[in-house]
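Structural overview for review
Residue strings, one per chain:
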Amino acid sequence: MKQSSVVDLLLLLLTIAVLATPAFSDLVLSKVERRIDVTSQFARVTKTLKVVNPGSESVSEFMLIFPKFLGNNLAYLSVKTKRPVANLSVKKADPKGIPDSISVYSVGLPKTLSKGDTLTLEVVATFTNVLQPFPEKITQGEIHLVMLQESSQYLSPYTVESQSLSIKLPNARIESYSKLENTKLQGSELKYGPYKNLSPFSYSPIVVHFESKAAFSVAEKLVREIEVSHWGNVQVTEHYNVVHRGAQLKGEFSRLDFQARPNPRGASAFRHLLARLPPRAHSIYYRDDIGNISTSEMQSDSKKTELLIEPRFPLFGGWKTFFTIGYGLPLSDFLFASEGKRFVNISFGSPMIDLVTEKLIVQVVLPEGSKDISVTTPFAVKQSREIKYSHLDIAGRPVVVLEKDNVVLDHNQHIQVYYKFSNINLLSEPLMLISGFFVLFITCIIYTRADFSISKSSPTYLAKLQWDEVLATLQEVQSIIQKCLAAHDKLEASLRDLSRTGDIQTCKAARKSTDSLLKDLSKELKPLQGFLQSSPSASHISPKVEELVVKEKELQEKLMAKHTTVVEGYEKKSSGRDIENRIASQQQKIIALRQEIEDLLEFIDEI
Amino acid sequence: MGGKSEPAKSESMATTTTSPDLINSSFFSFKSLKLKTKQQELLLRISILGLVYILAFIARLFSVLRYESMIHEFDPYFNYRTTLFLTEKGFYEFWNWFDSESWYPLGRIIGGTLYPGLMVTAALIYWALRFLRFFVHIREVCVLTAPFFASNTTLVAYFFGKEIWDTGAGLVAAVLIAICPGYISRSVAGSYDNEAVAIFALLLTFYLFVKAVNTGSLAWALASAFGYFYMVSAWGGYVFIINLVPLYVLVLLITGRYSMRLYIAYNCMYILGMLLAMQIRFVGFQHVQSGEHMGAMGVFLLMQVFYFLDWVKYQLNDTKLFQTFLRITVTSAIMVGGIALGLGTASGYISPWTGRFYSLLDPTYAKDHIPIIASVSEHQPTAWSSFMFDYHILLFLFPAGLYFCFKRLSDATIFIVMYGLTSLYFAGVMVRLILVATPAVCLISAIAVSATVKNLTSLLRTKQKVSQTGSTKGAGSSKASSKVTLDQSQPFQKNGAIALLVGVFYLLSRYAIHCTWVTSEAYSSPSIVLAARGAHGNRILFDDYREAYYWLRQNTPTDAKIMSWWDYGYQITAMGNRTVIVDNNTWNNTHIATVGRAMSSNEDEAYEIMRSLDVNYVLVVFGGVTGYSSDDINKFLWMVRIGGGVYPVIKEPEYLVNGEFRVDKGASPKMLNCLMYKLCYYRFGELTTEYGKPPGYDRARGVEIGNKDIKLEHLEEAYTTSNWIVRIYRVKPPTNRL
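What counts as what
Residues numbered from 1 in each chain as written. Chains lettered and ligands numbered in written order. Predicted model: local features only at pLDDT ≥ 70, side-chain atom pairs only at ≥ 80, totals over all residues. Heavy atoms only, no water. Pairing = 2+ DSSP bridges. Helix = DSSP H or I, 4+ residues; strand = E, 2+ residues; numbered from the N terminus. UniProt positions renumbered as here; feature names shortened; annotations may be inferred. Axes fitted to C-alpha atoms, helices over the stretch in contact; angles between N-to-C directions. Parallel < 35°, antiparallel > 145°, perpendicular 65-115°, else oblique. Left-handed = near helix turned anticlockwise from the far one by under 90°. Contact = heavy atoms within 4.5 Å. Nonpolar A, V, L, I, M, F, W, Y, C, P; charged D, E, K, R; others polar. Buried < 20%, exposed > 50% of the residue type's maximum accessible area, 1.4 Å probe, protein only. Arc of directions from axis to C-beta. Phe/Tyr/Trp six-rings, centres within 6.5 Å; stacked < 30°, edge-to-face > 60°. Salt bridge = Lys/Arg side-chain N within 4 Å of Asp/Glu carboxyl O. pLDDT = per-residue confidence, 0-100.

1. Remarks on the sheet that holds strand 6 (residues 579–580) of chain B
Residues and elements named next belong to chain B. The five strands are arranged 6-5-7-11-10 in an open sheet whose pairing can be described as mixed. With partners counted over all chains shown, the strands left at the sheet margins are strand 6 and strand 10 (715–720), one partner each. Sheet analysis places strand 7 (residues 617–621) next to strand 11 (residues 726–731), joined by five bridges and oriented antiparallel. By the bridge assignment, Val621 is partnered in strand 11 with Val726.

Right, here's the structure in full:
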């Protein structure tokens, strides 16, 4: 591929020389300084261009051109003017008469350049995939060598009066580099130029072959899901498909060599990835398809949160892995309001340092019921809409999907998603839950209260009805007996009062009221008893009830007798001891009866 | 008494006699509460059950809290994989699934060789939750299925206890089973295995059957048939039901407890249960053809004979004639049955008992005949210590419960006694069957606890009542009441009862503590992640298995075939998503033996075998660096045995030295050069594992290895995990012939 591209270039130069296109205005670049930084896995090119317009026509457009093999790998391009500081608009252009092997970008100038005007442009361009591993396959112990192809002369449609190039190499071995005139190697910096008075489309290829210790970590696909919840959280979930794009590993992977101290072999592999998350990130997790990955470290301060993650295995050239990280962010840091709309202001790219993303998909999930959605981004992205269903959703949440290829760290700029959302919608989900439980309880109530039997005349159903009636009657009987017992207690209490105060009248009054009460109660008891006797399903219970009633009667009589004796005793003014002696036998019987009644009650209670 | 003066008087009374009024009012409130004892009791019961339900669930969440929500062990990974498939592709795809990712090159018909109950249950829960708008991940559903069903089991245990004894016993049974380690061991969160739902289904079937026998109701019998169907769909242990129930019926017949209720319950349950069970493809016609199911059919026919005889007896009204008739019928029935059985077996229509069934009845059978069953650690006979570990106080309560059961013998208690005794025997044969015995042990122990506590408290309560009524009589009759309290009581009865109650509660609290400890220490670690304590007391995780499986998943060709010992098959397919040669569904002994043979041959011979099986990668588990003892070297003798069982070329004695298995210098040359040894110890001789020991010191076996200079010719190291627990080798393509 490298050779073919060189051949391409030669062809290209030929064609250009033949064509000598008139499509470009005749600007002159009085000074060009290029600096290429290849210490990481991508090439970051910074150019300072001094543009002069010697011609008579005023110019409002400036052309930047790259050879195709670089243009295709252009990830990021920005053009600025220094004074005043302003970002200029850049768009891809396709002027006629330009061969296929050249990519052209046109820059709109802030003001038209009339004759003699000068302007200084600052161009920053980031290229991915331009550091080609060579050799393409290495063993575990070998070092990782890569190759950079560039031109020592600045490729431009304009005449260049003076230009220089400096390449910043990583601080390691340099295998070879093209030696032209005015080539200098100072430490890890390689300098070409200055070259004077170059005609348009000058090109002189150079190749630098050097060791790279950078991690060639590329996310083949990264899906970032940003879910906005108005309950106070922005949940970010990122799914990474990471691959090592450096020289492929051939032969064995030896753990022994990899772990060897002090000379581990396996320099070409990377073990860690560093993510710089926003401050106040919380509930961070790191997992993959088969579970949690326990090798990660986190440091946080007020400025940032740093997450150092280690994939399950070290990644050698060509090895792949997939993982997911997720974290929550406080809503107040990212959600703002403007002109009756809300907007989320959040970073576009991945928080991973040194990671190139080949295909980035950002999904901003807005709360259910959001309307009037619009997006502003600092660069062009592909947009689409989706619906996502999450817990307790009915209509689904609107999702803004943004797609972009070849994303580098320079793209970590903020995007804004505007939408309208009323706070009433917040209540819908709790209300749904509440109504769900409400319905559940109502059904339970209806189920227990309503009669669902199919046949209303079947014997079992009738028996059940009757049994229910018997149970109800039994309960009534019980309550009456309890009342009787309570009346007895009152009577006893009156006796105790008597012994203390000697007030016979009160005692008699109490007796009278109890008497009438008991009579009423026994009247109430009659029909119930009758019902129990007649009911066939109560046949085994009615004798017990019968017994209970009889015992109660007996107790009543005994109690009355005791009461009479005591009152009489007091009326006769006998001594306390005397009265006690007289009622002693009765007292014992009363206690025994009482016990029996309680036992019977308990028995009935257990039915 | 004038009506006018009365209010004033009563008022004065109220002021003077506040204290008795107070007593009265409190007495009344107590009485009025007592009026609602039923509701009170109901409320108490429901809240206890609710708490037990929650307790059973949360006691099983240790592993989720300590590690993460993940699937444990080996088999659950297969279940998880199939559930995933079911939820993604739907039921028909699942039912007709031919899995080419396992048992290469044979493949496996998944739909026809698995019990789908568990997967369908989890999928239904998943779909129900999604319908209710809870978008959970299927993994969470799978992880929590076992605790959820354990909670349900406590409810069934309550109803079962209620049916055989009373509500008290039911409640105690629910509490006991909720935290019994014997059950927890198989139902912690993440152990997504068939047993998780099967124990619920087992107990439910038994409960419904006993209910059907008690009531003679067709509805309950039908319900129990469906319970049986669920059990058949969930676990191979259904064979226990289809043998225990007929045995129980037989015992009832012999003890003269034959009744119409029993006739209805058994016939309905057997016929419908059989028809339903035949719908499960894995069971199919086995239900009428295999020897294990013949007992049920025999008892079914016997029931008809009994019924017929009953009818004849009713018609004849002549004892002598009936006796002769009885003799003729019974002899001919037995003869016909015997001949039919003989013919069926001889013609091959009725298949003989399977090896697994034999090995249950005879613990030594598997060791001699089926090494593949004997090689599984959970198929070993149970040690006493594990009974104690899993049952704790239940072991002592069980005989006491049996005593109470015999004291109040009924159809239901006979059932639970039979269930308890048979399952306890099986639990003694195989460690894993402790699980089956657990519900019975819990129920019978619950009867013991409940009956004891009930007796003791009733003793206490009668006393309290007498003294209470005495006190309400007031000061005026204190003497009389004290007299009453004194009579009809034995000396120290009350104190004794209190002491015993305290003892019971002490025992129960010890049980609770023990269960929590066992759950937390022994049963809540997912075997896929190993945890150890570092030198400073910090926790170190060995996540090597997942590291290796994930490496396979990401960095091997999608059609790569992985050879490993069968233990890791399910995990490789589920987590590594790659094709394996053999897995934990040990259906083809020969195939496993081939792998065993490859592992125990030298590299050249092994290479031939691996080429013939299209193997691309070989995976071995090695604990020499970490001291992890259940690795492939320690399992190696089983590979030799299983391999040798099919291929007589492999001879076990050749790998032993004087009957001893060694890996050091004294090991046999065959051992030192076999593939397994080479793969485990490749370049291990250069590694210093422990300070002060020579390089190549194997920490799992505590010896210095015998062959430190291992060269591989046909394989190369592809990946070794960070703690060397899993090592993966790539099989090189054959070298070009010049």
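2. A word on the pairing of strand 1 (residues 28–37) of chain A
Residue and element names in this part refer to chain A. The sheet contact formed by strand 1 and strand 12 (residues 159–168) spans eight bridges and is parallel. Within strand 12, the residue paired with Ile36 across the bridge is Ile167. As defined by bridge partners, strand 1 adjoins strand 2 (residues 43–52) across nine bridges and the pair is classed as antiparallel. Across the sheet, residue Lys31 finds its bridge partner in strand 2, namely Lys50.

3. Some remarks on the UniProt feature "domain: STT3/PglB/AglB core" (unreviewed entry) in chain B
In the numbering used here, UniProt assigns the feature "domain: STT3/PglB/AglB core" (unreviewed entry) to residues 562–619 of chain B. Secondary structure within residues 562–619 of chain B divides into 52% helix and 12% strand; the distance between the first and last C-alpha atoms comes to 7 Å.

4. Focus: the packing of helix 5 (residues 75–89) of chain B against helix 28 (residues 569–576) of chain B
Residue and element names in this part refer to chain B. Relative to each other, helix 5 and helix 28 sit at 40°, their axes nearing to 8 Å. Comparing their axes, helix 28 and helix 5 come out oblique. Crossing handedness for the pair helix 5 and helix 28: left-handed. Residue-level inspection shows Asp75, Tyr77, Phe78 and Arg81 of helix 5 in contact with helix 28, the latter providing Tyr570, Gln571, Thr573, Ala574 and Met575. The residue inventory of the contact of helix 5 with helix 28, partitioned by class, reads five nonpolar, two polar and two charged.

5. Some words on helix 21 (residues 384–391) of chain B
Residues and elements named next belong to chain B. Here helix 21 has its buried residues at Ser386, Phe387, Asp390 and Tyr391. For helix 21, the buried positions fall inside an angular range of 110° around the axis, keeping them on one side. Along helix 21, exposed side chains directed more than 90 degrees from the buried face belong to Trp384 and Ser385. Once helix 21 finishes, His392 follows within two positions and takes phi at roughly 55°, a positive value.

6. Description of the packing of aromatic side chains
Residue and element names in this part refer to chain B. Tallied over the entire structure, the rule returns 74 aromatic pairs over all chains. On the basis of an interplanar angle of 20° and a centroid distance of 4.6 Å, the ring pair of Tyr263 and Tyr307 is categorised as stacked. Of this pair, Tyr263 sits in helix 14 (residues 260–277) while Tyr307 sits in helix 16 (residues 294–316), and the two are 44 residues apart along the sequence. Ring centres of Phe622 and Tyr681 lie 5.2 Å apart, and the angle between their planes is 85°; on these two criteria the pair is classed as edge-to-face.

7. A look at the pattern of salt bridges
Applying the stated criterion across every chain yields a total of 59 salt bridges over all chains. With its nearest N and O atoms 3.7 Å apart, the salt bridge here joins A:Arg265 to A:Asp257. For A:Asp257, a relative accessible area of 13% puts it in the buried group. Across the pair B:Arg662 and B:Asp664 runs a salt bridge, and its minimum N-O distance is 3.2 Å. Overlapping salt bridges bring together A:Glu225, A:Glu227, A:Lys388, A:Asp393, A:Arg397 and A:Glu429 as one network.

8. Side note on the confidence of the model for chain B
All names here are of chain B. With 91% of its residues at a pLDDT of at least 70, chain B reaches an overall mean of 87. Under a pLDDT of 50 for its full length, residues 1–35 has, in the predicted model, 22 contacts with residues more than four places off or in other chains. Confidence drops under pLDDT 50 across residues 465–487; counting only partners more than four residues distant or on other chains, this segment forms 26 contacts. Reported for the predicted complex are a pTM of 0.85 and an ipTM of 0.83.

9. Here we look at the UniProt feature "domain: Oligosaccharyl transferase STT3 N-terminal" (unreviewed entry) in chain B
Listed under "domain: Oligosaccharyl transferase STT3 N-terminal" (unreviewed entry) in the UniProt record, and renumbered for this structure, are residues 48–444 of chain B. Within residues 48–444 of chain B, the helical portion is 74% and the strand portion 1%, while the C-alpha atoms at the span's ends are 20 Å from each other.

10. Observations concerning unusual backbone geometry
Backbone torsion omega between A:Phe134 and A:Pro135 reads 5°, so that peptide bond is classified as cis. Looking at where A:Pro135 falls in the secondary structure, it is placed in the loop between strand 9 (132–133) and strand 10 (137–138). Note the cis peptide between B:Tyr104 and B:Pro105, where omega equals 0°. Along the polypeptide, B:Pro105 turns up in the loop between strand 1 (98–99) and strand 2 (108–109). The phi torsion at B:Asn658 lies on the positive side, around 50°, for a residue other than glycine. Residue class for B:Asn658 comes out exposed when judged on its relative accessible area of 79%.

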